[in-house]
Amino acid sequence: MNYQLQINNITKSYGDLKANDDVSLNIKPSSIHALLGENGAGKSTLVKVIYGSLLPDRGEMKWLGKSYSPKNPFDAREQGIAMVFQHFSLFESLTVEENIVLGLDGVRLDENFTEKIIKYSKQYGLDINPHQVVGDLSVGARQRVEIIRCLMQNPKLLIMDEPTSVLTPQEVSDLFITLRKLADDGCSILYISHKLEEVRQLCSEATILRGGKLVESCIPQDFSQQELAEMMIGKKLIQLARSNINTGEDIFSISNLSRKSDDMFGVDLKNISLSVMKGSIVGIAGVAGNGQDELMELLIGEITSPPGILSFKGGDIGNLNSHERRELSMFFIPEERLGHGAVPDMGLNENMLLSRPQKSEMTSYGVIDWQNVETLTQKVISDFDVQTFSTKMLAKSLSGGNLQKFMVGRELIQNPELLIVAQPTWGVDAGSANNIHQALIALADQGSAILIISQDLDEILSLCEQIHVLSEGSLSTAVDMTSKGLDKISQLMVGSED
Amino acid sequence: MIRLIPRVENSTAMILLSPLLALTLTAISAYLIFVSILVDIEVSSVFYTLFVEPLTDSYYLSELLVKAAPLMIIGLGLSIGFRSGVWNIGAEGQYVIGGIAGSAVGLYFYDVEGFWIIPLMALAGILGGMFYAGIAAFLKTRYQVNEILVTLMLTYVAVLFLSAMLQGPLRNPSGFNFPESRLFHDSALLPIIWEGTRLHIGLVVAIILSLIAWFGIKKHIFGMQIKISGSAPRAAKFAGFNDNKTVWYSLLISGGLAGLAGLFEAAGPAGQLTPGLPQFYGFTAIIVAFLARLHPIGVLFSSLLIALSYVGGENVQIDYNLPKSITQIFQGMLLFYFLACDILIKYKVVLFKTIR
């Protein structure tokens, strides 16, 4: 068999930790090959080895039949391997063509070059205007710029790191068309993701890593989404299902909330109205940067609101701060973990005290009962399976997923009547995400209300009974999911209703 | 190759060892400086005079404690404020205003007997310092004016205000126009706790205050408030702490304590208000606070160490004719090494064999 890239028995260790342990992977020409795995499974280590930014301890690679050991990313690019990173490296104040030319060697920005950009953009359906300033572009368009920049190097292998995590459903399907076309033209693609449905749609082969080891090389269509997920996390996933949807009267409502942002680059909130019933899970979908942060600040109480806007259990809570809101049994999990939901340089036990309603008995008259704080921290750690050496471990030393589990647990042990949570599983591996989702569902089954703000549409769709979309600071009414709900959401997300 | 690797938890061993390491490095550097500048003088005997002699004699020891008391009180206040990221650099000014306010009360009740006079003066001193630091708090919370600049510049205003007061309303009417106040009467003088020395009750107050501060920081949610506001302002809001209140608390506490120290200095060792009241304690206390790692109990020890360098420094001036700046060099090096060594608490040093 003629492989484009052959990777044989790569091993790479960091101290005692084997990030890649005897991993082999073969990419056929013109194929879209998925690299699947949870956080820490060794995906990025393997990619760094391929892209020349890491030297493996053992193992060898063959590129187009010849022995291949890139010394650095430059070397890898020279030989025809390009990569689109998860975080873009574009200058916001420059135009698209200027950005592209900056990333290439030995070319000048002239009419020929611009024409070439337009040619690629037409050929692969990468809709882009070369003269536009990158700062004005959506995330999806920026990604297209990055892809064109890679294509101009005529790569034979394109590595894409979690490309769809920032895209709307429409942008995702456009991207897939582009990638299929590229593969047909002879550029194979290594597609890193943990979104299994996408992988099943797009990829012809998949390599699954777990704990640095190769678990399976397979054809993704031969397995169900759940089977793939279970191979990835190495244990059974629990199906998400509400056992008891028993909604009651409205417990929380927002009426006509508008606010101009203090921040020059912030989003103004326009006339937002919403209500949440007891026992229900309401979702706010939308691409990041459409007012989610601004809304969250007001919901938490970091910024107070005028009377008549925010109401909880029949009372006006607009002028209460977050601590006072918690006393009424409203709890919050913000998106940003380090520096917002947790203090990076403090231990978990101290971080417990950020959320300390009186009934938790962590403090009385302001005096801290450290014994009790310790007990509660232990409880969160064991109930929510937080991997940590001790309760004093600094928040910043925990992995993102672990810290998220801690933060979710910290709020859930208070039995909130209303939980407002932003991006509950952002950057969290599939197994932990599954646990967090279950915990949220269990809370709602008990009769508590939950408001979820998330960019992850799958998450919103699988958890929420009622879905709104936030776009450019405006909130849609609840989307009717009975017919063409997903299309409707997709349109609302890009702000083009009807 | 040497590399620093972040630790998962702060190292308890290093929290205790790093001050000793810093002291050792300071001693080595001081030794090298003395060796290079001293002619015909035995370095070891200078070291003895600087660090050991002050501890051998009851007079020196009492003077050391007299100097440590104001450093402790101011350092305590600063350590609380610095924790919250509010940088009160002008404790010297609040110390002077506190001294003036407290002394003015003492002089107003001149020749009136009563146990209540000293507490009243102390209260006036605290309020004076609070008022002066409150100016910075007001400007910061209302207009976002940087508190470092305001507190520092107000220090110079305070010193000029002192001299205006001493040439005007507070001047001794029978003092031959010297810019000094009357000598305080007995009820306005701090009780002496060590007979035959100048050591006054301020030391006891300082120790009690540091225990209270330790309780507040360790056991009260207030300690968390200032700590979180300092290291993660957004998380402080998330926890429901009002950031403006934190600024006010920090400045009022550090200003009030500096004011108290100023009054203790006037009603203690000086016994009157003189232009010599400002002695740089307000600035030196910044070093005290950092040497103590902003820990209230640590302040007790770091102020003793700095006081030792003051007394020892005066002694080498007298005995060996060395310049006064020796003391400051020593204090500066100590702080420098101390801050540098503290990195070992959060990071561990790993020796790598270079690859390739």
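Residues numbered from 1 in each chain as written. Chains lettered and ligands numbered in written order. Predicted model: local features only at pLDDT ≥ 70, side-chain atom pairs only at ≥ 80, totals over all residues.

**A word on the overall build of chain A**
Broken down by element type, chain A carries 16 helices and 22 strands. Compactness check: chain A gives a C-alpha radius of gyration of 24 Å against a globular reference of 23 Å for 498 residues, within 12% of the reference. In terms of its C-alpha atoms, chain A occupies a principal-axis envelope of roughly 70 × 50 × 40 Å. (Helix = DSSP H or I, 4+ residues; strand = E, 2+ residues; numbered from the N terminus. Rg over C-alpha atoms; globule rule 2.2 N^0.38 Å.)

**Focus on the overall build of chain B**
Tallying secondary structure elements over chain B gives 14 helices and two strands in all. Relative to the compact-globule value of 21 Å for 356 residues, chain B shows a C-alpha radius of gyration of 22 Å, a close match. With 356 residues in all, chain B has 48% of them scored as buried. In chain B, of all internal contacts separated by at least 6 residues, the share reaching a separation of at least 24 is 77%. (Buried ≥ 20, exposed ≤ 12 C-beta atoms within 10 Å, placed from the backbone. Contact = placed C-beta atoms within 7 Å.)

**Description of the packing of helix α3 (residues 58-83) of chain B against helix α12 (residues 296-320) of chain B**
All names here are of chain B. Interaxial distance between α3 and α12 falls to 7 Å at its minimum, and their mutual angle equals 135 degrees. With respect to α12, the element α3 is oriented oblique. Taken as a pair, α3 and α12 cross one another with a handedness that is right-handed. Across the interface between the two elements, Tyr60, Glu63, Leu64, Lys67, Ala68, Leu71, Met72, Gly75, Leu76 and Ser79 of α3 pack against Pro296, Val299, Leu300, Ser302, Ser303, Leu304, Ile306, Ala307, Leu308, Tyr310 and Val311 of α12. Looking at side-chain class alone, the contact of α3 with α12 contains 15 nonpolar, four polar and two charged residues. (Axes fitted to C-alpha atoms, helices over the stretch in contact; angles between N-to-C directions. Parallel < 35°, antiparallel > 145°, perpendicular 65-115°, else oblique. Left-handed = near helix turned anticlockwise from the far one by under 90°. Nonpolar A, V, L, I, M, F, W, Y, C, P; charged D, E, K, R; others polar.)

**Details of the environment of Asp262 of chain A**
All names here are of chain A. For Asp262, the location among the structural elements is in the loop between β11 (250-259) and β12 (269-277). Under the C-beta neighbour-count criterion, Asp262 is labelled exposed, with 9 such atoms within 10 Å. Sequence spacing of Asp262 and Leu440 is 178 residues, and the spatial spacing of their C-alpha atoms is 33 Å.

**Structural notes on the nonpolar core**
Leu158, Ile189, Tyr191, Ile450 and Ile452 of chain A are the most contacted members of the largest nonpolar core, which has 144 residues in total. Here this core gets seven residues from one element, more than from any other, and that element is helix α14 (residues 430-445) of chain A. Once you skip the residues sitting within four places of it in the chain, Ile189 of chain A turns out to touch Ile32, His33, Leu158, Met160, Leu179, Leu182 and Ala183 of chain A. Counting residues in hydrophobic clusters, the runner-up holds 98 residues, among them Val66, Ala101, Phe184 and Ala261 of chain B. (Core = buried A, V, L, I, M, F, W, Y, C linked by C-beta atoms within 7 Å.)

**Quick look at the domain arrangement of chain A**
All names here are of chain A. Examined at the domain level, chain A breaks down into domain 1 (5-233) and domain 2 (250-493). Computed from C-alpha coordinates alone, the two centres of domain 1 and domain 2 are separated by 33 Å. Here the side of domain 1 that touches domain 2 is composed, by residue class, of five nonpolar, four polar and one charged. (Domains from an automatic or database assignment.)

**Some thoughts on the packing of α3 of chain B against helix α7 (residues 202-219) of chain B**
All names here are of chain B. Taken N-terminus to C-terminus, the directions of α3 and α7 make an angle of 25 degrees; their axes are 9 Å apart at the nearest point. Relative to α7, α3 is oriented roughly parallel. As α3 runs across α7, the sense of the crossing is left-handed. In contact with Leu65, Ala69, Met72, Ile73, Leu76 and Ile80 of α3, α7 contributes Gly202, Leu203, Ala206, Leu209, Ser210 and Ala213. Each residue belonging to the contact of α3 with α7 can be placed in one class, and the counts come to 10 nonpolar, two polar and no charged.

**Observations regarding the interface of chain A and chain B**
Of the residues lining the interface, 26 residues belong to chain A; the matching set on chain B comes to 17 residues. Contributing elements (two or more residues each) for the side of chain A that touches chain B: α10 (322-327) and β18 (367-368) of chain A. When residues of the side of chain A that touches chain B are assigned to their parent elements, the largest contribution, three residues, is made by α10 of chain A. Considered class by class, the residues forming the side of chain A that touches chain B number 12 nonpolar, nine polar and five charged.

**Focus on α14 of chain A**
Residue and element names in this part refer to chain A. For α14, spanning 16 residues, the distance from its first C-alpha to its last is 22 Å, which sits close to the expected 22 Å at 1.5 Å a residue. Taken as a whole, α14 has its buried residues at Ala430, Ser432, Ala433, Asn434, Asn435, Ile436, Leu440, Ile441, Leu443 and Ala444. Taken together, the buried residues of α14 touch α8 (225-233), β13 (281-285), α13 (400-412), β19 (418-422), β20 (449-453) and α15 (457-463). Just downstream of α14 lies Gly447, where phi reads positive at about 110 degrees. (Expected span 1.5 Å × (residues − 1).)

**Brief notes about the domain arrangement of chain B**
When the parts come together, some accessible area is lost, and that loss is often what is quoted as the size of the interface. Residues and elements named next belong to chain B. Parsing chain B into structural domains produces domain 1 (1-40 + 329-356) and domain 2 (57-297). A straight line from the C-alpha centre of domain 1 to that of domain 2 covers 32 Å. In this complex, domain 1 contributes five residues to the contact, which on the side of domain 2 involves four residues. Class assignment of the residues belonging to the side of domain 1 that touches domain 2 gives a composition of four nonpolar, one polar and no charged.

**Quick look at the pairing of β19 of chain A**
All names here are of chain A. In terms of burial, β19 is largely enclosed, as five of its five residues are buried. Along β19, one buried face is formed by Leu418, Ile420 and Ala422 and the opposite face, lined by Leu419 and Val421, is buried too. Of the pairings in the sheet, the one linking strand β16 (residues 330-333) to β19 comprises four bridges and is parallel in character. Bridging from a neighbouring strand, Phe332 pairs with Ile420 of β19. Here five bridges tie β19 to β20, and the two strands are oriented parallel to one another. Its bridge partner being in β20, Ala422 is matched across the sheet by Ile453. (Pairing = 2+ DSSP bridges.)

**A word on the environment of Val494 of chain A**
All names here are of chain A. Of note, Val494 is situated in the segment after α16 (485-493). Each C-alpha atom of the pair Val494 and Val469 lies 9.8 Å from the other, and the pair is 25 residues apart in sequence. Apart from the residues within four sequence positions on either side, Val494 is in contact with Thr168 and Gln170.

**Focus on helix α10 (residues 243-270) of chain B**
With 28 residues, α10 of chain B extends 39 Å between its outermost C-alpha atoms, agreeing within 8% with the 40 Å of an ideal straight helix rising 1.5 Å per residue. With its phi angle positive at about 75 degrees, Gly271 of chain B sits one or two positions after the end of α10 of chain B.

**Let's talk about the confidence of the model for chain B**
Averaged over every residue, the pLDDT of chain B is 91; residues scoring 70 or more account for 99%. Model confidence for the complex: the whole-complex pTM is 0.77, and ipTM, which rates the interface, is 0.81. (pLDDT = per-residue confidence, 0-100.)

**Focus: unusual backbone geometry**
The phi torsion at Asn9 of chain A lies on the positive side, around 50 degrees, for a residue other than glycine. Phi is positive for Phe176 of chain B, which is not a glycine, with a value near 55 degrees. Looking at where Phe176 of chain B falls in the secondary structure, it is placed in the loop between α6 (147-167) and α7. Overall, Phe176 of chain B belongs to the exposed group, with 6 C-beta atoms counted inside 10 Å.

**Observations concerning the pairing of strand β7 (residues 157-161) of chain A**
All names here are of chain A. Counting buried positions along β7 yields four of five residues, so the element is predominantly enclosed. With four bridges joining them, strand β6 (residues 81-84) and β7 adopt parallel strand pairing. The partner of Ile81 across the bridge, within β7, is Leu157. One ladder, built from five bridges, connects β7 with strand β8 (residues 188-193); its direction is parallel. Note on β8: the bridge partner recorded for Asp161 is Ile192.

**Focus: the environment of Pro306 of chain A**
Along the chain, Pro306 of chain A falls in the loop between α9 (292-300) and β14 (310-312). The spacing of Pro306 of chain A and Gly318 of chain A is 12 residues in sequence and 5.8 Å in space, taken between C-alpha atoms.

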